[in-house]
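For reference, the chains in residue letters:
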Amino acid sequence: QVQLVESGGGLVQDGGSLRLSCAASGRTFNTVGWLRQAPGKEREGVVCHSSSGAGAWYGDSVKGRFANSRDHSKNSVYLQMNSLTPEDTAIYYCAKCWAGVNGYEYEDWGQGTQVTVSS
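Residues numbered from 1 in each chain as written. Predicted model: local features only at pLDDT ≥ 70, side-chain atom pairs only at ≥ 80, totals over all residues. Heavy atoms only, no water.

**Some words on the state of the cysteines**
All told, the structure shown has two disulfides when counted by the stated rule. Paired by a disulfide, Cys-22 and Cys-94 hold their sulfur atoms 1.9 Å apart. Classification of the bridge connecting Cys-22 and Cys-94 rests on its S-S torsion, roughly 55 degrees, and on that basis the disulfide is right-handed. Here Cys-94 lies in strand β9 (residues 90–100) and Cys-22 lies in strand β3 (residues 18–25), a separation of 72 residues in the sequence. Residue classification places Cys-94 among the buried residues on the basis of a relative accessible area of 0%. Sequence-ordered numbering of the disulfide-bonded cysteines in the protein chain gives the connectivity 1-3, 2-4. (Disulfide = S-S within 2.5 Å. Helix = DSSP H or I, 4+ residues; strand = E, 2+ residues; numbered from the N terminus. Buried < 20%, exposed > 50% of the residue type's maximum accessible area, 1.4 Å probe, protein only.)

**Considerations on the sheet that holds β3**
Taking strand neighbours across the sheet as the criterion, the four strands line up as β1-β3-β8-β7 in an open arrangement whose pairing is antiparallel. Two strands lie at the open edges of the sheet, namely β1 (3–7) and β7 (66–71), each paired on one side alone. Averaged over neighbouring strand pairs, the angle between their axes works out to 15 degrees when direction is ignored. Two strands pair when backbone bridges link them, and β3 and strand β8 (residues 76–81) are joined in this way by six bridges, in the antiparallel orientation. By the bridge assignment, Ser-21 is partnered in β8 with Tyr-78. (Pairing = 2+ DSSP bridges. Axes fitted to C-alpha atoms, helices over the stretch in contact; angles between N-to-C directions.)

**A look at unusual backbone geometry**
In the Ramachandran plot, Asn-75 falls in the positive-phi region, its phi being about 50 degrees despite a non-glycine side chain. Its place among the elements puts Asn-75 in the loop between β7 and β8. For Asn-75, a relative accessible area of 23% puts it in the partly exposed group. For Asp-108, which is not glycine, the phi dihedral falls at a positive 60 degrees.

Dropping the structure here:
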């Protein structure tokens, strides 16, 4: 069974940047992404990235600001977040992901890492 451990969250000012990391142990996923959950809101897909070369899908709210990358040698994925706004405040999770019938779906996420953007 895979275990995913996120890190790198913290407090940042409006317009700032953060880089989240996700380390996987156990079996690996070909497609890994990130989702987030803001207070009082449902979980929202942020990115889903296949290692097959198909590229990454990004949610409209983060497109052009966030970039996902993978280091297969370290069994890790990273989420570079730039131009952060208070609306990006949420707990961020990495997870297995895939394209479902009604959008991207996620499972097996870790414990999450808190990102707080102050105005």
